[in-house]
Amino acid sequence: MSPRRRPLVAANWKMHLMRGEAELLARAVASAVTADGPEVVLFPSFPLLPAIASVLTGSPVELGGQDLHAEAAGAHTGDVSGEQLVDAGCAWVLVGHSERRRDHAETDSVVADKAVAAFRAGLRPILCFGETAAERAQGGTEAVLLRQVEALLVALADRRAEEFALAYEPVWAIGTGDTARPDQVQEAHALVRRRLQQALGEAVAAPVRVLYGGSVKPENAAELAAEPDVDGFLVGGASLDAEKFLAIMARSASLGGSAPRRRHP
Ligand code: PEP
C-alpha cells in the first residue's frame, strides 16, 4: 500500500508568456487553489519572477526558477544562482530538465552539482530524468533512468523527502502530444523509488513525490494519477492554458491515498 503523499502539480512555462499574460494566468491559478487540493508551483522564466511573486503574495501557490547555476555568485554571464532565486521569492527550482540537458549539454554530473547548489540555497529542487526515444527503442530505459538517478544520490544523502521531488519525463513525450502509457510511467516510478529505498532508506524514499511529465493534459491526467507511484505532474504546454491547467489540478486532487489506485498484476 502506498503511503499518503500530497500531490504536487508544477507548471513549467518555459520561454513563453509576456508579463501581462503571465500575471493573468498566475491569478487564475491562485484563485483556484484549495487547501485540500494539490500543492501547486509555477515556474516562469527569470524576467517574470518579480511580477509573478507579487501576484502570488498571500497565496499558497509557490514560485520556482527553471534552472540555476551551481555557484552562489560569480562571473557567469546569463546565469542565475539559487541564492538569487530565493531573493526573487522562489521556493523551488527545476534541475536537469531534458531541454537543459539537450540545449546546454548538461551532464549527469552538472545536474548533480546543481542539485547540491539548490539545497545550499534553501531551494527545493524538482529533479528531472528520462530516456530518449532511441534509448527506449534499444531497451535501455531502465539503465538510463538508474544512471541519471544514481548521479543524484550524493546530493540527496541526508535530505528529507519534503525537501525535493523527482520528475520522470521521457524525452519522447515532452511537447510531442505522445504521452507515456500509465503502465510505463508506473514501472519507471516504481523502479526509481526502489533505488531510493535502497540508497536512502524506506523512511526517506516512501514519502518522496515522483511526478510525471510529458504531454499531460486534462484528458490523460486522471488515468495517470490512478497509478500508485504517480504523485503529481510537471506540465509544460497545457500549463499555459488556465482552463487546462486547472482541470489537471482538479484531476490530481484525489492522488495520495483516498482514491482507488490502479493495481498491475
Ligand atoms: C515539460 O517541459 O516539463 C513538459 C512535460 O512539457 P509538455 O507538458 O509540453 O510535454
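Further up the page is the structure itself.
In this text, all values refer to a predicted model and were calculated from it rather than measured experimentally.

**Student:** Which residues make up the pattern of salt bridges, and what are the values?
**Tutor:** Tallied over the entire structure, the rule returns 23 salt bridges. When the shortest N-O distance is used, the salt bridge between R124 and E39 registers 3.2 Å. Within this pair, whereas R124 is found in strand 5 (residues 124–129), its partner E39 is found in strand 2 (residues 39–43), the two being separated by 85 residues in sequence. As far as the burial class goes, R124 and E39 line up, both buried. For R181, the salt bridge is made with D183, and the minimal N-O distance between the two is 2.9 Å.

**Student:** Quick one: what's the story with the side chain of K114, residue by residue and with numbers?
**Tutor:** With respect to the helices, strands and loops of the structure, K114 is situated in helix 5 (residues 108–121). Every residue in contact with K114, bar those within four places of it in the chain, is listed here: D67, L68, A70, V95, R100 and E106.

**Student:** Could you give an account of the site of the ligand, with specific residues and numbers?
**Tutor:** As a matter of local geometry, the ligand sits amid 14 residues, with K14, E169, G175, S215 and G237 nearest to it. A distance of 2.7 Å is found between an oxygen atom of the ligand and a side-chain nitrogen or oxygen belonging to E169. At 2.7 Å from an oxygen atom of the ligand is found a main-chain nitrogen or oxygen belonging to S215. Within the complex, 96% of the 290 Å² of free accessible area of the ligand lies under protein. Looking at the shell around the ligand, its residues break down into 4 nonpolar, 8 polar and 2 charged.

**Student:** Break down the packing of helix 1 (residues 19–32) against helix 12 (residues 242–252) for me, citing the residues and quoting the values.
**Tutor:** Geometry of a packed helix pair, given as the angle between the helix axes and the separation of the axes. Two numbers describe how helix 1 lies on helix 12: the axes approach to 10 Å, and their chain directions differ by 30 degrees. As judged from the angle between their axes, helix 1 and helix 12 are roughly parallel. Regarding helix 1 and helix 12, the two cross each other, and that crossing is right-handed. Seen from helix 1, the contacting residues are L25, A28, V29 and A32; seen from helix 12, they are A242, F245, L246 and M249. Counted by class, the contact of helix 1 with helix 12 contains 8 nonpolar, no polar and no charged residues.

The rules behind these values
- Residues numbered from 1 in each chain as written.
- Predicted model: local features only at pLDDT ≥ 70, side-chain atom pairs only at ≥ 80, totals over all residues.
- Heavy atoms only, no water.
- Salt bridge = Lys/Arg side-chain N within 4 Å of Asp/Glu carboxyl O.
- Helix = DSSP H or I, 4+ residues; strand = E, 2+ residues; numbered from the N terminus.
- Buried < 20%, exposed > 50% of the residue type's maximum accessible area, 1.4 Å probe, protein only.
- Contact = heavy atoms within 4.5 Å.
- Near = heavy atom within 4 Å.
- Polar contact = N/O pair within 3.5 Å; in protein donor to acceptor, adjacent residues only side chain to side chain.
- Areas by Shrake-Rupley, 256 points an atom, 1.4 Å probe, with all protein chains shown as cover.
- Nonpolar A, V, L, I, M, F, W, Y, C, P; charged D, E, K, R; others polar.
- Axes fitted to C-alpha atoms, helices over the stretch in contact; angles between N-to-C directions.
- Parallel < 35°, antiparallel > 145°, perpendicular 65-115°, else oblique.
- Left-handed = near helix turned anticlockwise from the far one by under 90°.

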